[in-house]
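Descriptive analysis of the structure
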There are 2 protein chains.
Amino acid sequence: MENVEREILLSFWKVHILHHAKKKPVIGQWVIRELRRHGYEVSPGTLYPLLARMAGRGWLRCRVDPEGGLRARKEYSLTKKGREVLSFLRDQVEELHREVVLGEEEEPES
Amino acid sequence: MENVEREILLSFWKVHILHHAKKKPVIGQWVIRELRRHGYEVSPGTLYPLLARMAGRGWLRCRVDPEGGLRARKEYSLTKKGREVLSFLRDQVEELHREVVLGEEEEPES
DNA sequence: TGGCCGTATACGGTTGTCGTAATGGGAGGC
DNA sequence: GCCTCCCATTACGACAACCGTATACGGCCA
């Protein structure tokens, strides 16, 4: 696939990020490497604002070594609110999977 | 859930749209109604540019009654290229589902 | 001290999203 | 014929997200 449905894929990766942040703290560079390992390039200019936004919304908590100065690595872990969001998204993924992958229909409304 | 993870949800709906467009032609108003039926509001200012973009990328073909003038309803159906994109996205949905819903791990690379 | 590596930031341009308001055409009433 | 209502799309201006590339900081090691 080309480069253009990143518009869609990026959202999938966001869910992945939340998921991983639940298991263990996540770091910008790690995400970039992980995505590259799977064949996708995400530039810092995309990823870091994304993490910052999720933190700003209260989904992730950012921990940073206060002695580390600027450019110290930042560890993002899932907050309570983030867990709620993730759980909600999980349901949505399941629904999408059920319909698009499994091919099950929903009954039309009267 | 609030209103803010539409940033993620909207991408899911895009996949839904492609999926439906494969089964039968899709119309802007229908999508808006359908989403509302599921409890989500998408405004025309979001949806129509989205459909137009997908058509511009060659994922959807737009058919319109030539006698209908401006504002005639437009039917979007999936093209060959759109089917390829959808098939690719299906795999991605499956992977996301496997990891986030089913909780299966991928083996780390050496 | 100098160079390299890992990490995050800055930034300017492009694209995507948002709500609301406006437009066009068709059908029904009368 | 004309008025009104409904269905559907378009226009638009503001805002948010995304993009790549260039830059900066700090640690480590020779």
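Described in the following lines is the structure provided in the data block. Treat the numbers as computed from the prediction; the structure is a model and nothing was measured.

**Quick notes on unusual backbone geometry**
Of note in this structure, R71(A) is not a glycine but carries a positive phi near 60 degrees. Its place among the elements puts R71(A) in the loop between β1 (60–64) and β2 (74–78).

**Comments concerning the protein's contact with DNA strand D**
DNA strand D sits among 25 residues. The nearest are T46(A), R53(A), Q29(B), Y48(B) and K74(B). When atoms of DNA strand D within 4 Å of the protein are sorted by moiety, sugar and phosphate together comprise 63%. For DNA strand D, a phosphate oxygen lies 3.0 Å from a polar atom in the side chain of R6(A). Measuring from a phosphate oxygen of DNA strand D, one finds a side-chain N or O atom of S43(A) at 2.7 Å. Mapped onto the surface near DNA strand D, the elements with two or more residues apiece are α1 (6–23) and α3 (44–56) of chain A together with α2 (28–37) and α3 (44–56) of chain B. When residues of the surface near DNA strand D are assigned to their parent elements, the largest contribution, four residues, is made by α3(A). Tallied by class, the residues present in the surface near DNA strand D amount to seven nonpolar, eight polar and ten charged.

**With respect to the environment of M54(A)**
Residues and elements named next belong to chain A. Summarising the element assignment, M54 is placed in helix α3. Linking M54 and L78, residues 24 residues apart in sequence, is a C-alpha distance of 9.7 Å. The residues touching M54, leaving out its near neighbours within four places in the chain, are K14, L18, W59 and L60.

**Things to note about the side chain of H19(B)**
With respect to the secondary-structure elements, H19(B) resides in helix α1 (residues 6–23). Classification of H19(B) as buried rests on a relative accessible area of 8%. Leaving out residues up to four positions away in the same chain, H19(B) has contacts with E99(A), V100(A), L86(B) and R90(B).

**Some details on the interface of chain A and chain B**
Between chain A and chain B, the residue contacts involve 43 residues of the former and 43 residues of the latter. Regarding the contact of chain A and chain B, the summed buried area is about 4300 Å², with carbon and sulfur atoms giving 63% of it. There are six salt bridges connecting chain A and chain B. Two residues, K14(A) and E7(B), come together in a salt bridge whose shortest N-O distance is 2.3 Å. Linking chain A with chain B are 18 residue pairs in polar contact (both at pLDDT 80 or more). Of all elements in the fold, only α1, α2 (28–37) and α4 (80–101) of chain A reach the threshold of two or more residues within the side of chain A that touches chain B. When residues of the side of chain A that touches chain B are assigned to their parent elements, the largest contribution, 16 residues, is made by α4(A). Looking at side-chain class alone, the side of chain A that touches chain B contains 17 nonpolar, seven polar and 19 charged residues.

So, how was this worked out
Residues numbered from 1 in each chain as written. Chains lettered and ligands numbered in written order. Predicted model: local features only at pLDDT ≥ 70, side-chain atom pairs only at ≥ 80, totals over all residues. Heavy atoms only, no water. Helix = DSSP H or I, 4+ residues; strand = E, 2+ residues; numbered from the N terminus. Near = heavy atom within 4 Å. Polar contact = N/O pair within 3.5 Å; in protein donor to acceptor, adjacent residues only side chain to side chain. Nonpolar A, V, L, I, M, F, W, Y, C, P; charged D, E, K, R; others polar. Contact = heavy atoms within 4.5 Å. Buried < 20%, exposed > 50% of the residue type's maximum accessible area, 1.4 Å probe, protein only. Buried area = accessible area lost by both parts, 1.4 Å probe. Salt bridge = Lys/Arg side-chain N within 4 Å of Asp/Glu carboxyl O.

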